[in-house]
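Tertiary structure, described
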Amino acid sequence: MAGAVMVRAAAAHPGIKLCAAADPHAAPRGAFARDFNARAYADIAALCDDPAVEIVYIATPHQFHAEHAALAAAAGKHIILEKPMALTLADCDSIIAAVERARVHLVVGHTHAFDPAVREMARIVASGALGRLGMIAAWNYTNFLYRPRRPEELDTARGGGILFNQVPHQIDMVRTIGGGRLRSVRAQATRLDPARPTEGGVVALLEFEDGAAASLVYGGYDFFDGDELHFWIDERGAAKPPDRHGAARRALAAEQVEETRLRLERFAYGAQAGPPPTHQPHFGVMIVTCERGEMRAAADGLFIYDAAGKREVALPASAAMPGRSEVLDDMIAAIRSGKPPLQGGRWGKANVEAMLAIQQSARERREVTLQHQVSSKPSS
Ligand SMILES: NC(=O)c1ccc[n+]([C@@H]2O[C@H](COP(=O)([O-])OP(=O)(O)OC[C@H]3O[C@@H](n4cnc5c(N)ncnc54)[C@H](O)[C@@H]3O)[C@@H](O)[C@H]2O)c1
């Protein structure tokens, strides 16, 4: 699913040439080889041995991230690694060590922290134009739990559920805007459907070291749809019909095909892509409160609310696939400048720390303090 979208972003990016791919499944492999007249391997090790490959984008299931990143680094490839960076802090450390040993660059992404509106809000907060940051509210309600799933995606112990898949977007967005360094986390998580026995909802309070706070709410139960609060535009930025509540549940219940197969047929590279996005991507509603004003993403720009009223400001010129284009831009900039990307290994590890702290806090019903947080500003 993620790979299919990034392939389209890379194909539209002027700085990238798609030259090879790897997937154990024949259908996406065949579609890729045909569309780009490129090599397609059944095995990631063969992809990493391909001398033409300079950057490897890894969008394999969570449990493979550490192993696959280590393979790519050992082969001297720069790496874009999907969120979450890994499932444990120890695996994050082994990825960081492998990348540093090989002197390659790592960008952990895509997440919605790369969305132009989020980056612009982070820039405004850092500039001080609206004064000190006080709080961030990030809400999203989706059909996550009822899309066709691989078995491990419904098993928390193997990295399933919203804690490992969806909440990392919210953590990354609020850390990007709030400067990066969280002090503590208090959270509760819900498992409401015994037939999908993993977390489908979370409420979390994240405190930043400087006293600012973020509240995260995520519900993946396919009842309320958060896009109702975002102009009926979907996560990718495409227009969405307003009458789809419960549709993922109904479709899943009516399906005769086994879920893993259904997932491949519907979402893998080569399956039919949805309508092209005509607006900015987003991840629910996020309101950022500063001393002298508040902000939220608009359909195409950014709303600023202050003592003078409400105004919409334009976002920087949009790339072909906003959000993912920025991931590719950051990798290209790192390769050209030699400076490590901001959303690199230590940043990704800090997101994983917050994600695991949310899980721990919910389990132990207490506040959890964090030890591995890093700033969103470049170190001099
Ligand atoms: N950034 C986003 O917006 C976004 C969206 C969806 C998923 N993701 C992330 O992308 C990753 C994959 O999730 P998905 O939903 O695309 O899953 P998916 O099941 O749709 O795709 C995973 C792909 O990995 C392949 N694969 C499995 N084992 C492999 C191996 N050993 N070597 C090579 N390929 C292998 C599978 O055949 C499949 O094509 C996860 O980390 C997920 O969190 C990110």
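Residues numbered from 1 in each chain as written. Predicted model: local features only at pLDDT ≥ 70, side-chain atom pairs only at ≥ 80, totals over all residues. Heavy atoms only, no water.

The local shell around the ligand holds 20 residues, among which D23, H25, H62, R150 and R263 are the closest. Here M1 contributes a backbone N or O atom positioned 2.8 Å from an oxygen atom of the ligand. Between the ligand and D23 there is a distance of 2.4 Å, counted from an oxygen atom to a side-chain nitrogen or oxygen. When the ligand is considered free in solution it has 830 Å² of accessible area, and contact with the protein chains removes 87% of it. A per-class count over the shell around the ligand returns six nonpolar, eight polar and six charged. (Near = heavy atom within 4 Å. Polar contact = N/O pair within 3.5 Å; in protein donor to acceptor, adjacent residues only side chain to side chain. Areas by Shrake-Rupley, 256 points an atom, 1.4 Å probe, with all protein chains shown as cover. Nonpolar A, V, L, I, M, F, W, Y, C, P; charged D, E, K, R; others polar.)

So, about unusual backbone geometry. Each neighbour pair has its own omega, and for K83 with P84 the value is -15 degrees, a cis peptide bond. Along the polypeptide, P84 turns up in the loop between β4 (78–81) and α5 (89–102). Backbone torsion omega between G109 and H110 reads 15 degrees, so that peptide bond is classified as cis. Looking at where H110 falls in the secondary structure, it is placed in the loop between β5 (106–108) and α6 (116–127). With a phi close to 60 degrees, F231 is a non-glycine residue in the positive phi region. (Helix = DSSP H or I, 4+ residues; strand = E, 2+ residues; numbered from the N terminus.)

Pairing is mixed in the open sheet, where nine strands are placed in the order β13-β12-β11-β10-β6-β9-β8-β7-β14. Each end of this open sheet is capped by a strand with a single partner; those strands are β13 (309–313) and β14 (368–369). The sheet contact formed by strand β7 (residues 182–190) and β14 spans two bridges and is antiparallel. From the neighbouring strand, V185 faces β14, where its bridge partner is V368. (Pairing = 2+ DSSP bridges.)

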